[in-house]
Amino acid sequence: EDPSLERHFKGHRDAVTSVDFSRAKKQLVSGSMDSCLMIWNMKPQMRAYRFLGHKDAVLCVQFSPSGHLVASGSRDKTVRLWIPSVKGESTVFKAHTATVRSVHFSSDGQSLVTASDDKTIKVWTVHRQKFLFSLNQHINWVRCARFSPDGRLIVSSSDDKTVKLWDKTSRECIHSFCEHGGFVNHVDFHPSGNCIAAGGTDSTVKLWDVRMNRLLQHYQGNSVVNSLSFHPSGNYLVTASSDSTLKILDLLEGRLLYTLHGHQGPATCVAFSRDGELFASGGSDEQVMVWKTNFDADYGDVVKPQKYSSSVDGTHGTGVEMDCGIHNKKTKTQDSVRTHEQQEEETSLANTLEHIVGQLDVLTQTVSILEQRLTLTEDKLKECLETQQKIIQNKTN
C-alpha cells in the first residue's frame, strides 16, 4: 500500500518549520515562523494548544524521549523547555548569541544539544538547564545537530558545506565530511548509530558510514532538501524538499520508492513517529500533515541484519555495501505461509527482545550516570591533589 494522508492540521499563521511526535503518538508538536508552537492531539475530538513565549520565529521543536517536555529554539536566540499541557508553562534560557536553528535531546533525555547561527553547537543538562560545553569549528551558520542513539557522538551540519562528527566525551571533532556542494540543511543518525544521512541545497542526500568515514549512498534529487528522517527500522528515509514534495527512499534497494505531493509550496520539515507507523510534514503553506506509512507493514518482525549491496544513483552505478544495521524485509509470499503459532511465537520473541532492550537501556543509562559521577570524582581528586601540591610548595618556599 502507498502512504496515505491521514490528518491535516491548520492553525499556524506562517510557514511551519519543524514537527515531532510524542513517544506514544498521542501528540504532535509543530513550530512556525509565526513565533508559536502548536501541540496537536491525534484524537479527533481533542483541541490543539497554541504556546506563546518566543519573541520571534520558532525554528525547531522536539519532544523529550519520555514525552514530558518539549524543547524549542528560536530566532530570538533562546531555547525554551515546555510542559506540553493546557497551561503551556515554559522555562527559557539564553542559549546563543544568534538564531537557534536546532534542538535535540539525547536518547536518555539527560542532555540537549543546540545549534546556532553563532557558528557554535552547545550541550546542556536538561534538568538544571546548565550549559556544559561548546563545539566551535564550523565557520558558518550551524543548521542542525544531533546526538547518536548511544549519546557518544554528535553530528552537525552547516552552511560552511561540511558535516562534522564530534566525540561528546573528548569534545573533539573526529571527522569532517566535505563532499557537499552546498549548504547542509539537515543531518541525522541512522537508528543503528553506524551511519548518518545529510541533505541540503545541492539537492542531494548522502549517507556515510561513521566507522569508516566513507560514502555509502548518494541520491541526486532536483530540489533543495530541507529535512529528513529515518524510519525506525532503518530501512527507509523520508525527505522534505523545496519542490513541495516528500520523497521516500528505500535504503536496502538504494532507490526512490515514493514521491508524495501534499504541500502547496516548499515542504520544510518531516519526521517519522517513534514506531514508524506515521510521519508528519510541515510546509511554507502553514499546514501540518500526518501520513500513514503503510509501505512496510511487517517491519515489526525481528529480522537478522544482512549485508546489502546497492547501486548508488544511476550516475555513479558503483555497487555500495549498505551495512549499517539495515534489516532486509521479508517478501509477502513468505508471510502468507506463516502459521498462527509462528506468528504468536514471533510476537512473544519480539516482546521479550523489546523487554531485554529496555533493561539494557536502563543499564546503559545507569552506567553513563556512574561514568559521569566517576569523572566528577576524578576531577575533584585532581583538584585536591593540585591544592595539596600548592600548599606543600608554599610551605617549602
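An unreviewed UniProt entry lists the chain under the name POC1 centriolar protein homolog A, with Vidua macroura as the source organism. The Function (unreviewed entry) comment attached to the chain in UniProt states, word for word, "May play an important role in centriole assembly and/or stability and ciliogenesis."

Student: I'd love a proper account of the UniProt feature "repeat: WD" (unreviewed entry) in the chain, names of residues and values included.
Tutor: Feature annotation in UniProt assigns "repeat: WD" (unreviewed entry) to the following positions: residues 9-50, 51-82, 93-134, 135-176, 177-218, 225-259 and 260-292. Between the C-alpha atoms that bound residues 51-82 the distance is 9 Å, and the span itself is 0% helix and 53% strand. Counted over residues 260-292, helix gives 0% and strand 61%. Its end C-alpha atoms are 12 Å apart.

Student: Got a sec to walk through unusual backbone geometry? Specific residues and values, please.
Tutor: Located in the positive-phi region is S35, a residue other than glycine, with phi close to 75°. Note on placement: S35 falls in the loop between β3 (27-32) and β4 (37-41). Owing to a relative accessible area of 17%, S35 belongs among the buried residues under this scheme. With phi around 70°, K161 is a residue other than glycine that occupies positive phi space. Structurally, K161 is set in the loop between β15 (153-158) and β16 (163-167). Using a relative accessible area of 39% as the deciding quantity, one classes K161 as partly exposed.

Student: Can you tell me about the pattern of salt bridges, naming the residues and giving the values?
Tutor: Under the counting rule described, the total for this entry stands at eleven salt bridges. With a shortest N-O distance of 2.9 Å, E277 and K25 are connected by a salt bridge. Taken together, the residues E277 in the loop between β26 (267-272) and β27 (278-283) and K25 in the loop between β2 (16-21) and β3 connect sequence positions 252 residues apart. Given a relative accessible area of 38%, E277 falls into the partly exposed group. Accessibility expressed as a relative area gives 18% for K25, which makes it buried.

Rules used throughout
Residues numbered from 1 in each chain as written. Predicted model: local features only at pLDDT ≥ 70, side-chain atom pairs only at ≥ 80, totals over all residues. Heavy atoms only, no water. UniProt positions renumbered as here; feature names shortened; annotations may be inferred. Helix = DSSP H or I, 4+ residues; strand = E, 2+ residues; numbered from the N terminus. Buried < 20%, exposed > 50% of the residue type's maximum accessible area, 1.4 Å probe, protein only. Salt bridge = Lys/Arg side-chain N within 4 Å of Asp/Glu carboxyl O.

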